[in-house]
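# Coordinates in review
Chain by chain, the residues run as shown.
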Amino acid sequence: MQPIIVEEIPDSIKKYVKQIEKVTFPKQVWTSDVGILHTAKGRYVLKRAKGEKYRKWLYKEYCVLKNIKTLEKFQSPNAYKFVQPPEQSWLLLEFFEGKTVREYLEKEDNEKKREYIVYEMGRLYR
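To keep things clear, this report deals only with the structure shown in the data block. (Residues numbered from 1 in each chain as written. Predicted model: local features only at pLDDT ≥ 70, side-chain atom pairs only at ≥ 80, totals over all residues. Heavy atoms only, no water.)

## Focus on the packing of aromatic side chains
This structure, assessed with the given rule, holds seven aromatic pairs. Ring geometry for Tyr44 and Tyr80: centres 5.8 Å apart, planes at 75 degrees, overall edge-to-face. On the criterion of sequence distance, the pair formed by Tyr44 in strand S3 (residues 42-50) and Tyr80 in strand S4 (residues 79-83) is long-range, its members being 36 residues apart. By relative accessible area, Tyr44 is classed as buried at 7%. Owing to a relative accessible area of 31%, Tyr80 belongs among the partly exposed residues under this scheme. Summarising the aromatic geometry, the rings of Tyr62 and Phe82 are spaced 5.1 Å apart at their centres and angled 20 degrees between planes, so their arrangement reads as stacked. Of this pair, Tyr62 sits in helix H2 (residues 52-68) while Phe82 sits in strand S4; the two residues are 20 residues apart in sequence, bridging distant segments of the chain. (Phe/Tyr/Trp six-rings, centres within 6.5 Å; stacked < 30°, edge-to-face > 60°. Helix = DSSP H or I, 4+ residues; strand = E, 2+ residues; numbered from the N terminus. Buried < 20%, exposed > 50% of the residue type's maximum accessible area, 1.4 Å probe, protein only.)

Here it is, written out as structure tokens:
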């Protein structure tokens, strides 16, 4: 079963991305459903969270991404839209080609580098 069905996506997000050609699904996390929207304008990341705790975490992620742009030399995706209909929250992000933090941590053998990345991610989400 697909974690996100196009018909479920809020209208404001559909209007922003225009026509959705297809949705693909990367390796999933436990806190939200993640889909890659393929459109004529390009690709976007769409996240959906359900449940009060995970909805709060997704909102916090949105706030961090909005504020992180002030840091020099830190590349992060733009957060385009955050929508909160009843029972779920949606976050539309810029798609970046490259490694996820999870992929980096799985492949990095240097324990000090791994600790640094985990520490920095935790610091950003405080």
